[in-house]
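Residue-level listing of the chains:
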Amino acid sequence: MKLGIDQQRLLTEIETLAAFSDAVPPAVTRIAFTPTDLKARAWVISRCEEAGLTVRQDAVGNTFARWSGAAPGAPAVGTGSHIDAIPNAGKYDGVVGVLGGLEAIRALQRSGFRPKNSIELLVFATEEPTRFGIGCLGSRLLSGTLSADTAGRLRDRDGESMDAVRRKAGLNGDLQDVKLPTGYYKGFVELHIEQGPLLERAQISLGVVMSIAAPASLRISIEGAGGHAGSVLMPDRKDALCAAAELILAVENAAQSRAAADTVATVGVCDVFPGAVNSIPSRVRMTLDIRDTDLTRRDGVMQTIELASQNTAAKRHVSIQSELLNADAPAHCAPEVRTALADSCRKHGAGFLEMVSRAYHDSLFISRIAPTGMLFIPCRNGYSHRPDEYAAPEDITRGALVLAEALAKMST
Ligand SMILES: [Zn+2]
């Protein structure tokens, strides 16, 4: 089998997909189920069909493109990632795994390889939490981690339910049917940019992921008392934003004070009411994101934050409510997939680093139902989720090549 990646075509396709965007280039904004996202998905489907793959979509918009193997009834070998993008993002997050996965399949086809197990490209729906406040919606449903009812009732910022939004997009199937049957995949590999600086620093071109860090998120609502910014004197105030500021620093400290580098905590959303220059903030809503590779350590950080909330509430006479939005367990990548990836790296003379994924991915959820692994390529300065996100052509090509080799190993 002589495998060759069509680098020019793959890079051109990445540029073409980046043009489906609601932001000024080079920024990419592609929020799930917007007309732009749907057009981008239709374009990806047309590329898959051109490659002779059989395409189907489930009720939430997960898109499967299958190259039938010699044993079509046997579990499939899957690869893929997502194409939705947060506001003002770059063009490689997710996309490298989708278009790189497609090119890996085409490379196998060109080589004359004939898979035993079918090889399937999976374009996950709604990986980013932008629209419905929860990440990996598609893969949570595929793995049964989230119930169809709960998923359908999720609302976007305009108050529209996920169920209504997906129906408007022409997806009318039953959300209950999204969950994949047991044994659907023999194995699954996601190719992705690292979204961190370690590969670049080590000057190593590929990363074989050993485990995926566990994210948890909390919504915190602080209720204080509003009033005129001129008339209410300082001792009489219950300023919700001042309480929030104190709590945000406590969150930072809770993560920083842990010895482990894998512990991180972020307040990424902070909505202030009523939001007027001459009015004391009466209410603040924040969303916290806490991650670790170690579940016990992460839960320890959450307890520290809970304690800090209680202290701030007592000290500032405000009420603080926290609501757990999700707390997923970390995943360990499957030994057989890691071995397939490592052997493929060696076969193509590519050095690799065994590493932890600190960002979470659809693979975290697919790992609940199938042996799963991830292959990372470097991205410049570790930048991701920003317009200057960049992956070098040779790294993208090498990633697609090693992915193709690993898919071949897993489907024979
Ligand atoms: Zn991603």
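Preceding block: the structure.
So, here's what we can say about the structure. (Residues numbered from 1 in each chain as written. Predicted model: local features only at pLDDT ≥ 70, side-chain atom pairs only at ≥ 80, totals over all residues. Heavy atoms only, no water.)

1. Quick notes on the environment of I366
And then number 1: Residue position: I366 is located in helix α11 (residues 362-366).
And then number 2: According to the relative accessible area criterion, I366 is buried, its value standing at 0%.
And then number 3: Separated by 35 residues in sequence, I366 and A331 have C-alpha atoms that sit 9.6 Å apart.
And then number 4: Aside from chain neighbours lying at most four places away, what touches I366 is F124, S139, L142, F188 and T372. (Helix = DSSP H or I, 4+ residues; strand = E, 2+ residues; numbered from the N terminus. Buried < 20%, exposed > 50% of the residue type's maximum accessible area, 1.4 Å probe, protein only. Contact = heavy atoms within 4.5 Å.)

2. Some details on the sheet that holds strand β9 (residues 214-223)
And then number 1: Spatial strand order, β10-β11-β9-β12: four strands in an open sheet with antiparallel pairing. Lying at the two open borders of the sheet, with one neighbouring strand each, are β10 (264-273) and β12 (319-327). Looking at each pair of strands side by side, their axes are set apart by 15 degrees on average, direction ignored.
And then number 2: Bridging between β10 and strand β11 (residues 283-292) involves nine bridges; their strand directions are antiparallel. Looking across to β11, one finds that V264 is bridged to R291. (Pairing = 2+ DSSP bridges. Axes fitted to C-alpha atoms, helices over the stretch in contact; angles between N-to-C directions.)

3. Some remarks on the pairing of β9
And then number 1: Most of β9 sits out of view: eight of its 10 residues are buried.
And then number 2: Looking at chain direction, β9 and β11 are connected through 10 bridges and run antiparallel. Considered in β11, the bridge of I220 is made with M286.
And then number 3: Bridge count between β9 and β12: eight bridges; the pairing is antiparallel. Across the sheet, the residue bridging to E223 is S319, located in β12.

4. Focus: the side chain of E13
And then number 1: Relative to the helices and strands, E13 is located in helix α1 (residues 7-18).
And then number 2: Beyond its immediate sequence surroundings of up to four residues, E13 is in contact with W43, R47, L99 and R106.

5. Side note on the packing of aromatic side chains
How two aromatic rings sit relative to each other is set out by the distance from centre to centre and by the angle between their planes.
And then number 1: Taken as a whole and assessed by the stated rule, the structure comprises nine aromatic pairs.
And then number 2: Taken together, a centroid distance of 6.0 Å and an interplanar angle of 40 degrees make the contact between F20 and W43 tilted. Placement of the pair is F20 in the loop between α1 and β1 (28-30) and W43 in helix α2 (residues 35-50), with a sequence separation of 23 residues.
And then number 3: Taken together, the aromatic side chains of F64, F124, Y184, Y185 and F188 make up a single cluster linked through ring pairs.
And then number 4: Its end group placed over the ring of F64, R56 keeps NZ or CZ at 3.8 Å from the ring centre.
And then number 5: One residue, R386, lies across the ring of Y383, its end atom 3.4 Å from the ring centre. (Phe/Tyr/Trp six-rings, centres within 6.5 Å; stacked < 30°, edge-to-face > 60°. Lys NZ or Arg CZ within 6 Å of the ring centre and 35° of its normal.)

6. Thoughts on helix α10 (residues 335-347)
Residues that lie three or four places apart on an α-helix share one face, since the helix turns once every 3.6 residues.
And then number 1: In this model α10 runs 18 Å from its N-terminal to its C-terminal C-alpha over 13 residues, within 8% of the 18 Å that 1.5 Å per residue would give.
And then number 2: For α10, every residue scored as buried is listed here: V337, A340, L341, A342, S344 and C345.
And then number 3: Turning to α10, the residues buried within the fold contact β7 (185-193), β8 (206-212), β14 (352-357), β15 (372-377) and α12 (393-410). (Expected span 1.5 Å × (residues − 1).)

7. Considering α2
And then number 1: Taking 1.5 Å per residue as the helical rise, α2 with its 16 residues ought to reach 22 Å, and the 23 Å between its terminal C-alpha atoms agrees with that figure.
And then number 2: For α2, the set of buried residues is T36, D37, A40, R41, W43, V44, I45, R47 and C48.
And then number 3: Residues of α2 that are buried make contact with α1, β1, β2 (54-57), β3 (63-67), α3 (95-111) and β6 (119-124).
And then number 4: Two residues or fewer after α2 comes G52, characterised by a positive phi angle close to 80 degrees.

8. Focus on unusual backbone geometry
And then number 1: At the junction of P25 and P26, the peptide bond is cis and its omega measures out at 5 degrees in the coordinates.
And then number 2: Within the fold, P26 resides in the loop between α1 and β1.
And then number 3: Of note, the amide linkage connecting F273 to P274 takes the cis form, showing an omega dihedral of -5 degrees.
And then number 4: Take P274: it is sitting in the loop between β10 and β11.
And then number 5: Although it is not a glycine, H317 adopts a positive phi angle of roughly 55 degrees.
And then number 6: Along the chain, the position of H317 falls in the loop between α9 (295-316) and β12.
And then number 7: Classification of H317 as exposed rests on a relative accessible area of 57%.

9. A few points about the packing of α10 against α12
Helices that pack against each other are described as a pair by the angle of their axes relative to one another and the distance between those axes.
And then number 1: The interhelical angle for the contact between α10 and α12, taken along N-to-C directions, is 125 degrees, at an axis separation of 8 Å. With respect to α12, the axis of α10 lies oblique. In this structure, α10 meets α12 at a crossing whose hand is right-handed. In this structure, α10 uses V337, A340, L341, D343, S344, C345 and K347 to contact α12, whose residues at the interface are V402, E405, A406, K409 and M410.
And then number 2: The residue inventory of the contact of α10 with α12, partitioned by class, reads seven nonpolar, one polar and four charged. (Parallel < 35°, antiparallel > 145°, perpendicular 65-115°, else oblique. Left-handed = near helix turned anticlockwise from the far one by under 90°. Nonpolar A, V, L, I, M, F, W, Y, C, P; charged D, E, K, R; others polar.)

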